[in-house]
Amino acid sequence: MGFTTTVPGTARIGADRELKRAVEGYWAGRVDAAELESVAAQLRRTGWQELLTTGLDSVPVNTFSYYDQMLDTAVLLGALPPRVSGIENPLDRYFAAARGAGSRASGPGHNSAEGVTPLEMTKWFDTNYHYLVPEIGPDTVFSLDASKVLSEFTEAVAQGIPARPVVIGPITFLGLSKADADGPEPLSRIDELLPLYEQLLGELSAAGAQWVQIDEPVLVTDVPTERNGRSALPELAERVYTRLGGLIDRPRILVQTYFGDAGESLAALGRTGVEGVGVDLVYGTAESVRSAELNGKLVVAGVVDGRNIWRTDLDAALAILEDLRPAVGELAVSTSCSTLHVPYTLAAETGLDENLRGWLAFASEKFAEVAALSRALTNGRVSQADVFEAARDALATRATDARLSVDSVRERLAALGESDRRRTAAATRRERQHEALGLPELPTTTIGSFPQTGDIRKARQRLRLGEIDQTAYREQMEAEIAAVIALQDEIGLDVLVHGEPERNDMVQYFAEQFDGFFATQNGWVQSYGSRCVRPPILYGDVTRPTPMTVGWITHAQSLTGKIVKGMLTGPVTILAWSFVRDDQPLATTADQVALAIRDETVDLERAGVGIIQVDEPALRELLPLRSGDRQAYLDWAVGAFRLSTSGVADETQIHTHLCYSEFGDVIGAIADLDADVTSIEAARSHMEVLDDLNAIGFSNEVGPGVYDIHSPRIPNAAEMTDLLREALSAVPAERLWVNPDCGLKTRTTEQVTAALTAMVDAAKAVRA
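Treat the numbers as computed from the prediction; the structure is a model and nothing was measured.

Things to note about helix 11 (residues 314–324)
Those residues of helix 11 not exposed but buried are Leu-314, Ala-317, Leu-318, Leu-321 and Leu-324. The buried residues of helix 11 occupy an angular sector of 130° when the element is viewed end-on, so they sit on one face. Check the buried side of helix 11 and you find it contacts helix 10 (286–290), strand 10 (298–304), strand 11 (330–335), helix 13 (363–379) and helix 14 (385–400). Measuring from the backbone nitrogen of Asp-315 back to the side-chain oxygen at the start of helix 11 gives 3.3 Å, which picks out Asp-313 as the cap.

This is the structure in structure tokens:
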């Protein structure tokens, strides 16, 4: 027996970020394991009950995580790195793999994780969620620990939930892992994992599970490839799921794909014994499903967008479902992917105008859309007439709202020429900048942000509540800037930053000052671990009414004789970390944002700012999952960055920053950005990116990170000296900068002071 209404997964951080506070309390020693689990259990119970009440007849479980689902799968399969094996407490061992040494305060019953480095972290496909990358080495011996899956399943069943356990599949787990040391490619070891999945299916069957969802989103990508360039995934999927589908003692299997079109892999799954296939029909196509011969299977059709916040065109979605129904065995309605990627509910937003509210659907609203579509598919459109009419009315107001098409913006875009995206030759600029700036070899700097202290957050909250006015807030922020400038001067950094105390987030801060954006009050989503962000909503044409950063930077510059960098966020990252309008090409929206950033760079230069950093950490993030679509994206992404940075003189040095991505996929585009200095994550990967840059003839200046800021662990000067010497083997000193991997806002002032002091000492040692 199948089901009719579901979602692939849900958020776990809590509508009010309850899990964030509990987890961080555990790390700090304020919360014990029992209290942490109590918070987690309440979040699970509330989430399951909402889905059941909304009308879903199959509820995903085991989508909860204390940190990350890939890390959970590494625990499930016995694939944690050996360096954490000495930590006796399982929860501390888990967090040590995620965060490294100092994952929680030492105390009774807990082991210190001193000296442990964390797993690498990178983006989950083309989303803004970060996952931890499992390390599969020659000594990795897989073993099954199904305690979490079984516990959450039995917990849900005891509450009357029609529970469907969810696990990441073997192809995706190994396909997203990295080979440790000199071991073989992880996917070559898939036959070692299959017995564990067979055992897991048997244990779930014994526990009473009727269905199990095995997530295989890697099937929507092109990798791995065979020598002829053709994807090897369809054949691998068929082999794996023929074996798992052929088991006698198991629940029914739903192989869930998302984030794109699984193409030939759908037909491959159709030839196996699995009972269900989940497909993304927002970013994939119904034609792939029709041609895959899935008429004997349950198809879970993701027609409601699970990763953006726009209201569904219910008429169009229902038409897709009705057209698809004859081509499949059974049909269930779903979101396109887990709602991990969208905020919990619109009910918490009180600052929306009625038009904008009508255009939006957060997770709770999407659950209702799924249920309405399922009822309409079963009982006819007339059964949901009021719901469908409300959706039509909202879509009609969006089509005619004047904010979505501003003549002055459209005219400016139409007038752009190639010269607006080009600067003088890099070598010429370098000579003029070195003369103008007068910096030493191996100049030291940071990426931009300094710790967002409790006092800063409290001041922001008091301003929001009206307890202080803008003048008092600015005075406090200027005092914070003065302290950060003094600290950097004392440490001995060469190029300073103002620390960004006035910025709530590197995208939201700008979105709140652009026309065409709306910043939510409580639209929190998980970025990684306990880190949450509120992606702004880009709904209309974008303009910058007034300068956004000039006053803060010029104030900081007045406090020191050293250079203070201007700090901006690039157009691609603003798009990637926002919920972006879906009614025009992304390239058009990117150019609108780029023009707004360009206006700011010109104003900074006029104010005497000699170094301007325009960060693009999300350049890799938006890269299409299919290789055939990538060049078009890279062309407009690079073009947008160059449009934003090409309005300044040769003497003004443009920096950019990239972090936590698989850079090899976009290495040519990094060079094409033509930034004068590129700072880039390199500490966890031990400078591997420099070889990639050298391989393409990259000749601009570069700052490979020597300090991993996403771990509380503080490296010493000797470690950073070794990393710098590795870097110097690939990049000459006149082109090398010294900096951390990323901004410092998530660290404490004590951690930052110690680490930056060690970094400056390392630079001095290497200079000597």
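Side note on the domain arrangement of the protein
The domains assigned to the protein are domain 1 (5–81 + 119–399) and domain 2 (446–680). Of the residues lining the interface, 42 residues belong to domain 1; the matching set on domain 2 comes to 34 residues. There are 3 salt bridges connecting domain 1 and domain 2. Glu-621 is the partner of Lys-123 in a salt bridge, and the nearest nitrogen-oxygen pair spans 2.3 Å. Put simply, the parts of the chain that give the side of domain 1 that touches domain 2 at least two residues each are helix 1 (18–28), strand 2 (121–123) and helix 12 (354–359).

Observations concerning the packing of aromatic side chains
Considering all chains together, one arrives at 15 aromatic pairs under this definition. The interplanar angle of 90° and the centroid separation of 5.5 Å between the aromatic rings of Trp-27 and Phe-95 together place this pair among those described as edge-to-face. With Trp-27 in helix 1 and Phe-95 in helix 4 (residues 90–99), this pair connects stretches of sequence that are 68 residues apart. Exposure remark for Phe-95: the relative accessible area of 1% places this residue in the buried category. Ring geometry for Trp-359 and Tyr-539: centres 6.3 Å apart, planes at 50°, overall tilted.

Quick word on the UniProt feature "binding site: L-methionine" (unreviewed entry) in the protein
On the UniProt side, "binding site: L-methionine" (unreviewed entry) is annotated at positions that read Ile-447, Gly-448, Ser-449, Glu-500 and Asp-615 here. Spanning 169 residues, the named residues form one tight spatial group whose C-alpha atoms are at most 13.7 Å apart. Relative to the assigned elements, Ile-447 resides in the loop between helix 16 (426–437) and helix 17 (454–465). Looking at Ile-447, the relative accessible area reads 4%, which means it is buried. Excluding residues within four positions of it along the chain, Ile-447 makes contact with Lys-565, Met-567, Gln-613, Asp-615, His-657, Ser-679, Asn-739, Pro-740, Asp-741, Cys-742 and Gly-743.

Comments concerning the nonpolar core
Within the largest apolar cluster, 107 residues are counted, with the highest numbers of intra-cluster contacts made by Trp-124, Ile-171, Phe-173 and Leu-373. Element by element, the count of residues in this core is highest for helix 7 (residues 190–207), at 8 residues. For this core, the domains that each give at least three residues are domain 1 (5–81 + 119–399) and domain 2 (446–680). Leaving out residues up to four positions away in the same chain, Trp-124 has contacts with Gln-69, Met-70, Tyr-129, His-130, Tyr-131, Ile-168, Thr-172, Leu-176, Pro-217, Tyr-258, Phe-259 and His-341.

Structural notes on the environment of Tyr-66
Structurally, Tyr-66 can be placed in the loop between strand 1 (59–61) and helix 3 (69–76). Taking the C-alpha atoms as reference, Tyr-66 lies 35 Å from Thr-721; in sequence the two are 655 residues apart. For Tyr-66, the contacting residues outside a window of four places in its chain are Leu-19, Val-23, Leu-36, Glu-37, Ala-40, Leu-91, Tyr-94 and Phe-95. Side-chain polar atoms of Tyr-66 contact the side chain of Glu-37, separated by 2.7 Å.

The rules behind these values
Residues numbered from 1 in each chain as written. Predicted model: local features only at pLDDT ≥ 70, side-chain atom pairs only at ≥ 80, totals over all residues. Heavy atoms only, no water. Buried < 20%, exposed > 50% of the residue type's maximum accessible area, 1.4 Å probe, protein only. Helix = DSSP H or I, 4+ residues; strand = E, 2+ residues; numbered from the N terminus. Arc of directions from axis to C-beta. Contact = heavy atoms within 4.5 Å. Polar contact = N/O pair within 3.5 Å; in protein donor to acceptor, adjacent residues only side chain to side chain. Domains from an automatic or database assignment. Salt bridge = Lys/Arg side-chain N within 4 Å of Asp/Glu carboxyl O. Phe/Tyr/Trp six-rings, centres within 6.5 Å; stacked < 30°, edge-to-face > 60°. UniProt positions renumbered as here; feature names shortened; annotations may be inferred. Core = buried A, V, L, I, M, F, W, Y, C linked by side-chain atoms within 4.5 Å.

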